[in-house]
Amino acid sequence: MTSRSSLTRKDFPNGFLFGAATAAYQVEGHKFGGAGRTHWDTFAATPGNVLRAEDGALACDQYHRYGEDMDLLKDGGFDAYRFSTSWARVIPEGRGAVNREGLDYYDRLTDAILERGLEPHLTLYHWEMPAALADLGGWTNPDVHLWFGDFVEVIDDKIGDRMASVATINEPWCVSYLSHFLGHHAPGRRDIRAAARSMHHVLKAHGEAMTRLRDRGRKNLGIVINFEHTQPASDDPKDIQAAATQDATNNRWFIEAIAKGHYPEEALAGLEPHLPNGWQDDMAAISQPIDWLGVNYYFRQLVAHDATSPWPHTKPAQGHLATTQMGWEICPEGLRALLVKLKDRYVGDLPIVVTENGMAWDDHVKNGVVHDPERCTYIKDHLAAMHQAIAEGVNLKGFFYWSLLDNYEWAFGYERRFGMVHVDFETLQRTPKASYHMLKDMIARS
C-alpha cells in the first residue's frame, strides 16, 4: 500500500480531478457589479449574528481579481475550479429583471477558467438567498422552487454550455436545518416548522432545477451534500439512539430522498408533522437520477442524549481527537467510511466527487511565507482516506480542496482561514501557503 506521505497524482485513477473550490458571496465582493442584497447582508447587520458584524461586501474582491486567482490554480497544476453563482448578483430582486453586469461577470470568469486550461464546475446556489425573496419566506415559501428554477435558466442560458459539471444546491442541510432550526446561519430562524419546510423545499428546488436542465439537454448534473461522521458519545442505548436521530437529520435526510425517494423514519418522527401537505407527491422529482454526487466532509461529531430538550433530544459531545480552528474533530477515517457507505447503501457505481474537504487554521504570513504543517497533514491524511476508498471500490472521480482562498467564513467573519492561499484582508494580497506548494508538488505531471 502506498503511504500517505508518498501519494502522487499517479496513485489516483486516470482522469482524477484535482481542484479547489470557493463560493460567490465568500470571495467575490458583493458590493460590486450591481448585486442585490442577500439575507446574509441583513443577517450580518443584526448584532450578535456574525463575528465583528463582518459581511461579504468586499471579501476577496474576486470580482476584479479573478484572473490572478485563476493563475494561481493554473500555476499550481490544478485541473479544475469549483465556483458558485450568486442569485442576487444576477437577479437583484430574486425575480424579474436580470442584472446584465452581474451575469457578464460569470461569462468573463468562465472564459478565464477555460483560457487557463481549467475545467469550470458550477454550483448554482451556495447560500445567498436574495433579501427580497427572504422577505417572502425564502426557503419556507412554497413557490421557492419555481423562483429558483427561473434563476437556473438565466444562468444556463449564459454559461451552461461551457460547464464541465453543474451542481444544483450546495449543502442543503446548512441551507435548511442549520439555518432554520439551529439558527446559526442566515436567516437565523429557530423554528421546527420552518426547518421542516425548508428541508423539503430545498430538495424540491433541486428537483425543479434538474427537470429544467434535463429539458435543455444538460448532462453531468448533480448535487453537493455535506456529511459528518456521526458517532454515539458512549455505549448507552440513549446515546446510540441520539446519534441515530442526528445521523438521520444531518446525513441521511438528503441522500435518502435523492437516492431512494423517501425520508428516514428517525427524522420523520420529529419533522413530519411540520412538512407541507402533499410532500410525498414531490419525491419523484426529488429522486430523479443524478449523474454524480458531490460530497463535502470535514469532521467527526460525537452525539449524546439530551433529556432536558425536546426532539431531537441530542447534544454534541467532545471527543479526544485533535481539532481544527473551527473546533471540529479531525477524522480522516470518517471520510473513507462515508464514501464506502455511500457506495454500498445509496449510489453504487455512481461517480462521486469530494467537492469540499479542508481545515481552518490560525496561520499567518511570516517573512513572506505561510507555514501550515497542520493543514498539510490534514490534506495528506484525507487524500490517503480517498485513496483507500477507491481501493475498496468507490467510483471517486475528484477532489476539490476547500478553499482556494482565505475568505468570508460566514458567521465567523474573516477570522477562520481555510485557504491554501493566504489573503491579507487589508491589502487583498495573495500568498500561497506551504499547503499550496505541497499540493502543487503532489499533483505535478511528470
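Provided above is the structure to which this section pertains.
Within every chain, residues take consecutive numbers counted from 1 along the sequence as written. Owing to the predicted nature of the model, reporting of local features is limited to residues with pLDDT of at least 70; listing and counting of side-chain atom pairs is limited to 80 or more, with chain, interface and lining totals taken over all residues. Side-chain numbers here rest on the full set of heavy atoms in the structure, without hydrogens or water.

## What about the overall build of the protein?
Test applied: To qualify as a helix, a DSSP run of H or I must reach at least 4 residues; to qualify as a strand, a run of E must reach at least 2; elements of each kind are numbered from the N terminus. Here the radius of gyration uses the C-alpha set of atoms, whereas the globule reference equals 2.2 Å times the residue count to the power 0.38. Residue exposure (1.4 Å probe, protein chains only): buried if accessible area is under 20% of the type maximum, exposed if over 50%, otherwise partly exposed. Here a residue-residue contact requires only that any non-hydrogen atoms of the pair lie within 4.5 Å. For every accessible area listed, the method is Shrake-Rupley and the probe measures 1.4 Å; residues are considered covered only by the protein chains on display. Neither His nor the chain ends is counted toward charge; the positive residues are Lys and Arg and the negative residues Asp and Glu. For charged residues, the charge sits on one atom: NZ in Lys, CZ in Arg, CG in Asp, CD in Glu.
For the protein, the count of helices and strands is 15 helices and 11 strands. Taking 2.2 N^0.38 as the reference for a compact globule, 446 residues should give roughly 22 Å; the C-alpha atoms of the protein span a radius of gyration of 21 Å, in line with that estimate. Taken over 446 residues, the protein has a buried fraction of 61%. For the protein, contacts bridging at least 24 residues in sequence account for 76% of all contacts bridging at least 6. Summed over all atoms, the accessible surface of the protein reaches about 16,800 Å², with 49% contributed by carbon and sulfur. Taken as two groups, the 45 positive and 60 negative side-chain charges of the protein have centres that lie 2 Å from each other.

## Regarding the pattern of salt bridges
We apply this condition: One side-chain nitrogen of Lys or Arg within 4 Å of one carboxyl oxygen of Asp or Glu is enough to make a salt bridge.
In the structure shown here, the tally under the stated rule is 34 salt bridges. Across the pair R445 and D79 runs a salt bridge whose closest N-O atoms are separated by 2.8 Å. A residue pair is termed long-range when its members are at least 10 positions apart, and R445 in the segment after helix 15 (434-442) and D79 in the loop between helix 3 (62-75) and strand 2 (80-84) qualify at 366 residues. Relative accessible area serves as the criterion here: at 62%, R445 is assigned to the exposed category. Residue R162 pairs with D161 through a salt bridge whose shortest N-O separation is 3.8 Å.

## What about the pairing of strand 5 (residues 221-232)?
Selection rule: Strands pair, by our definition, only if DSSP identifies at least two bridges between them.
In terms of residue burial, strand 5 counts as a mostly covered element, since 10 of its 12 residues are buried. Two elements, strand 5 and strand 6 (residues 292-305), share 10 bridges in a ladder whose sense is parallel. Opposite F227, over in strand 6, you have Y297 as the bridge partner.

## Remarks on helix 3
The condition is simple: Here the bend at a residue is taken as the angle between two axes, fitted respectively to the seven residues that end there and the seven that start there.
Of all the bends in helix 3, the greatest measures close to 30 degrees and is centred on E68. Looking at helix 3, one finds that the buried residues are Q62, Y63, Y66, G67, D69, M70, L72 and L73. Two residues or fewer after helix 3 comes G77, characterised by a positive phi angle close to 80 degrees.

## Quick notes on the environment of V365
For V365, the position within the fold is in the loop between strand 8 (352-357) and helix 14 (373-391). Classification of V365 as partly exposed rests on a relative accessible area of 35%. As a C-alpha pair, V365 and T431 span 66 residues in sequence and 7.8 Å in three-dimensional space. Apart from the residues lying within four places of it in its own chain, the contact partners of V365 are V370, H422 and T431.

## What about helix 13 (residues 332-347)?
Each full turn of the α-helix corresponds to 3.6 residues, which orients residues three or four apart in the same direction. Put simply, the rule reads: Multiplying 1.5 Å by the residue count of a helix minus one yields the expected span of that helix.
Helix length check: helix 13, at 16 residues, gives a terminal C-alpha distance of 21 Å against a target of 22 Å (1.5 Å per residue), a fit within 8%. Along helix 13, the helix axis deviates most sharply at K341, where the bend reaches about 25 degrees. Along helix 13, the positions that sit buried rather than exposed are P332, G334, L335, R336, L338, L339, V340, L342, K343, Y346 and V347. Tucked into the core, helix 13 has its buried residues touching strand 5, helix 10 (237-260), strand 6, strand 8, helix 14 and strand 9 (396-402).

## Here we look at the packing of aromatic side chains
To keep things clear, this is the line we draw: Each pair of aromatic rings taken from Phe, Tyr and Trp, with Trp reduced to its six-membered ring, is defined by centres within 6.5 Å and is described as stacked if the planes are under 30 degrees apart, edge-to-face if over 60, and tilted in the remaining cases. Both a distance and an angle decide whether a charge sits over a ring: NZ of Lys or CZ of Arg must be within 6 Å of the ring centre and within 35 degrees of the ring normal.
For the structure shown, the criterion picks out 33 aromatic pairs. Pairing F12 with F16 gives two aromatic rings, centres 4.8 Å apart and planes at 35 degrees, and the pair type is tilted. A relative accessible area of 5% places F12 in the buried class. When the ring centre of Y105 is taken as reference, the NZ or CZ atom of R89 above it lies at 5.7 Å. In this structure, R108 packs its charged tip against the face of Y63, placed 5.8 Å from the ring centre.

## Some details on the side chain of D79
Residue classification places D79 among the buried residues on the basis of a relative accessible area of 10%. Residues within four places of D79 in sequence aside, it is in contact with R9, F16, L17, F18, G117, L118, E119 and R445.

## Focus: the packing of helix 7 (residues 144-159) against helix 9 (residues 192-215)
Heads up, the condition is: To obtain an axis, a line is fitted to C-alpha atoms, over the contacting stretch when the element is a helix, and the angle between two such axes runs from 0 to 180 degrees between their N-to-C directions. Here the word oblique covers every angle except those under 35 degrees (roughly parallel), over 145 (roughly antiparallel) and from 65 to 115 (roughly perpendicular). By convention, the crossing between two helices is left-handed when the near helix turns anticlockwise from the far helix through less than a right angle, and right-handed when the turn is clockwise. Each residue gets one label: Ala, Val, Leu, Ile, Met, Phe, Trp, Tyr, Cys and Pro are nonpolar, Asp, Glu, Lys and Arg are charged, and the others, such as Gly, are polar.
Orientation of helix 7 relative to helix 9, taken along the N-to-C sense of each, is 40 degrees, at an axis distance of 8 Å. What the angle tells us is that helix 7 and helix 9 run oblique. Like other packed secondary-structure pairs, helix 7 and helix 9 cross with a definite hand, here right-handed. Residues V144, H145, L146, F148, G149, D150, V152, E153 and D156 of helix 7 form the contact with helix 9, whose participating residues are H201, K204, A205, E208, A209, R212 and L213. When grouped by side-chain class, the residues that make up the contact of helix 7 with helix 9 number seven nonpolar, three polar and six charged.

## Here we look at the state of the cysteines
The condition that has to hold: We call a pair of cysteine sulfur atoms a disulfide whenever their separation is within 2.5 Å.
For the structure on display, the rule yields zero disulfides. Just so you know, C174 is unpaired, no disulfide at all, and the nearest cysteine sulfur is the one on C331, 19 Å from it. C174 gets classed as buried once you look at its relative accessible area, which sits at 7%. C331 sits in the buried class, given a relative accessible area of 10%.

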